[in-house]
Amino acid sequence: MLLFLLVPFLGGCLQGPSFGTPGGCGVRGRVVLPSCEAVFPEAGVVLAYNERGEVFRGFLGENGEFSLPSFSGSSCLVYIRWKNVQLAGGFHPLQRDTLNDLGEITAYTTAQVLIYEAAHRLYPQAVYIRDIPHFLPPESFVGLVEGAIRSCRDPFSSPEVLREAQRLVEVSF
């Protein structure tokens, strides 16, 4: 089971009642799924978390696109669940009073989040969402994550992927 462990820190967008209000912000992006039945159903679920652990929910559009217009915070962790597969990305910094384009969520960004989660389990007071974009997963680990996705398996529940993420953290941190 995927653990949603987030450590709060101060700063960022202040929550406004809706996008466009002073201090409010939004996020959008697109999921790139390596050929696990490459058509996106509109039923994919998007969960985004800010550094305070607040949850924002949305859905994938036909082309893997998503938008959450009422996000708050300076960093976000986005999980996309589509059928049995989950992809993720961590983004920082987010700008206030705009719709932040997060770009693509891929096997690479998912590998970054898997490393973050393993590091956060070991060092909960030292690893933050804002650190995720700075993690540089080895190509072999990205390949392992992509292989799980191509096989329509969730990399967040794949024992071999989780073991390798843990090993990478133990060796690198």
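Look a little higher up for the structure.
Bear in mind the structure is a predicted one, so any value in this text is a computation, not a measurement.

### Looking at the sheet that holds strand E7 (residues 99-105)
Within the open sheet, the three strands sit side by side as E4-E1-E7. Their pairing is mixed. Of all the strands in the sheet, just strand E4 (65-71) and E7 have a single pairing partner and so form its edges. Direction aside, neighbouring strands of the sheet carry axes that sit 15° apart on average. With five bridges joining them, strand E1 (residues 25-31) and E7 adopt parallel strand pairing. Across the sheet, residue Val 31 finds its bridge partner in E7, namely Ile 105.

### As for a nonpolar patch on the surface
A surface patch of nonpolar side chains, amounting to about 270 Å² of accessible area, comprises Leu 122, Tyr 123 and Phe 173. Within the fold, Phe 173 resides in the segment after helix H3 (159-172). Phe 173 gets classed as partly exposed once you look at its relative accessible area, which sits at 42%.

What counts, and where the lines are drawn
Residues numbered from 1 in each chain as written. Predicted model: local features only at pLDDT ≥ 70, side-chain atom pairs only at ≥ 80, totals over all residues. Heavy atoms only, no water. Pairing = 2+ DSSP bridges. Helix = DSSP H or I, 4+ residues; strand = E, 2+ residues; numbered from the N terminus. Axes fitted to C-alpha atoms, helices over the stretch in contact; angles between N-to-C directions. Patch = residues over 30% accessible without salt bridge, like charges linked within 9 Å, V, L, I, M, F, W, Y side chains within 5 Å. Areas by Shrake-Rupley, 256 points an atom, 1.4 Å probe, with all protein chains shown as cover. Salt bridge = Lys/Arg side-chain N within 4 Å of Asp/Glu carboxyl O. Buried < 20%, exposed > 50% of the residue type's maximum accessible area, 1.4 Å probe, protein only.

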